[in-house]
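Per-entry structural report
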Amino acid sequence: AQSVTQLDSQVPVFEEAPVELRCNYSSSVSVYLFWYVQYPNQGLQLLLKYLSGSTLVKGINGFEAEFNKSQTSFHLRKPSVHISDTAEYFCAVNGGSYQLTFGKGTKLSVIP
Amino acid sequence: GAGVSQTPSNKVTEKGKYVELRCDPISGHTALYWYRQSLGQGPEFLIYFQGTGAADDSGLPNDRFFAVRPEGSVSTLKIQRTERGDSAVYLCASSPGMDSPLHFGNGTRLTVT
């Protein structure tokens, strides 16, 4: 069994400021990790994924995430956010099967 | 089309009615998934198809829910005797294979009154 905890349900941040969205997971097996973004009235879009190799993963739109096995974390970061980054972000884990387990999501609000 | 297409985008139905939700996956994607996203929650797995067969339907909440994919492409999620608790956004996703990232559609927002 696996689970995902997104520690913040809402994160307000000023435009051009850095942001970190936190994600912790639990799993009894090795995992693949994902971040998806959901813009209003749209489907989920893959931001980035960790499958193996380098623990620092770069994704689209300037986002990156770091896999930390000892802390079972996969936090998402961006050094400077834009208004267009306002969306809901979901962390997800796949324990080697086809099922993705999602967190409850973090709503990022970028303030002009 | 270029992406996963779901129809209708919105569906309002009365309690007790039957509904069908359709998913057109990306051409050539053999894996198809249905997820349900309730208000304030992340998506929850319902069912997975590999080709025409339901490889795992363990996420379907009860026997009122059923899904088919008769020709290995389009899938239909069917809900009988709808209840208010079924109100949610139903998401469909497809992928080229089991180990590939999922491509999601925009979802069908189901409201049961």
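Take the overall build of chain A next. Of regular secondary structure, chain A possesses zero helices and 12 strands. In chain A, the succession of helices and strands from N to C terminus is β-β-β-β-β-β-β-β-β-β-β-β. Taking 13 Å as the expected radius of gyration for a compact globule of 112 residues, we find that chain A reaches 13 Å, a close match to that expectation. A principal-axis box enclosing the C-alpha atoms of chain A has dimensions of 40 × 30 × 20 Å. The proportion of buried residues among the 112 residues of chain A is 43%. Of the contacts made within chain A by residues no fewer than 6 positions apart, 55% connect residues no fewer than 24 positions apart. Counting only carbon and sulfur atoms, one obtains 50% of the accessible surface of chain A, whose full area is about 5,500 Å². Averaging the locations of the 8 positively and 8 negatively charged side chains of chain A gives two centres separated by 9 Å.

Contacts between chain A and chain B engage 16 residues on the former and 19 residues on the latter. Between chain A and chain B, a total of about 1,500 Å² is buried, with carbon and sulfur atoms accounting for 58% of that surface. At the boundary of chain A with chain B, the tally comes to zero salt bridges. Inspection of the region where chain A meets chain B yields five residue pairs in polar contact (both at pLDDT 80 or more). Sorting the residues of the side of chain A that touches chain B by element identifies strand E5 (32-38) and strand E6 (44-50) of chain A as the ones contributing at least two each. For the side of chain A that touches chain B, the element with the highest residue contribution is E6(A), accounting for three residues. Its residues assigned to classes, the side of chain A that touches chain B comprises seven nonpolar, seven polar and two charged.

Summarising the model, chain A shows a mean pLDDT of 92, and 98% of its residues fall at 70 or more. Put simply, strand E4 (residues 24-27) of chain A is where chain A has its lowest mean pLDDT, 91, and strand E3 (residues 19-21) of chain A is where it has its highest, 98.

Moving on: the side chain of B:Asp86. Residue and element names in this part refer to chain B. Its location among the elements puts Asp 86 in the loop between strand E8 (75-79) and strand E9 (88-95). Here Asp 86 falls in the buried class, since its relative accessible area comes to 3%. Among the polar contacts listed, one links the side chain of Asp 86 to the side chain of Arg 64, at a separation of 2.8 Å. Setting aside residues no more than four positions away along its own chain, Asp 86 makes contact with Arg 36, Arg 64, Phe 65, Ile 79, Leu 110 and Val 112.

The next point concerns the state of the cysteines. What makes a disulfide is a covalent bond joining the sulfur atoms belonging to two cysteines. In the structure shown here, the tally under the stated rule is two disulfides over all chains. Paired through a disulfide, A:Cys23 and A:Cys91 show a sulfur-sulfur distance of 2.0 Å. Looking down the S-S bond of the A:Cys23 and A:Cys91 bridge, the torsion is -65 degrees, so its handedness is left-handed. Here A:Cys91 lies in strand E10 (residues 87-94) and A:Cys23 lies in the loop between E3 and E4, a separation of 68 residues in the sequence. Residues A:Cys23 and A:Cys91 agree in their burial class; the two are buried. The partner cysteine of B:Cys23 in its disulfide is B:Cys92, sulfur to sulfur 1.9 Å.

Okay, the pattern of salt bridges next. Taken as a whole, this structure holds eight salt bridges over all chains when the rule is applied. Between B:Asp86 and B:Arg64 there is a salt bridge, with its nearest N and O atoms 2.8 Å apart. In this pair, B:Asp86 sits in the loop between E8 and E9 while B:Arg64 sits in the loop between strand E6 (53-56) and strand E7 (65-68), placing the two residues 22 residues apart along the sequence. Accessibility assignment for this pair places B:Asp86 and B:Arg64 in one class, buried. A cluster of three or more residues bridged by salt bridges with shared partners is formed by A:Glu20, A:Glu66 and A:Arg77.

Rules used in this analysis
- Residues numbered from 1 in each chain as written.
- Chains lettered and ligands numbered in written order.
- Predicted model: local features only at pLDDT ≥ 70, side-chain atom pairs only at ≥ 80, totals over all residues.
- Heavy atoms only, no water.
- Helix = DSSP H or I, 4+ residues; strand = E, 2+ residues; numbered from the N terminus.
- Rg over C-alpha atoms; globule rule 2.2 N^0.38 Å.
- Buried < 20%, exposed > 50% of the residue type's maximum accessible area, 1.4 Å probe, protein only.
- Contact = heavy atoms within 4.5 Å.
- Areas by Shrake-Rupley, 256 points an atom, 1.4 Å probe, with all protein chains shown as cover.
- Lys, Arg positive; Asp, Glu negative; His and termini not counted.
- Charge placed at Lys NZ, Arg CZ, Asp CG, Glu CD.
- Buried area = accessible area lost by both parts, 1.4 Å probe.
- Salt bridge = Lys/Arg side-chain N within 4 Å of Asp/Glu carboxyl O.
- Polar contact = N/O pair within 3.5 Å; in protein donor to acceptor, adjacent residues only side chain to side chain.
- Nonpolar A, V, L, I, M, F, W, Y, C, P; charged D, E, K, R; others polar.
- pLDDT = per-residue confidence, 0-100.
- Disulfide = S-S within 2.5 Å.

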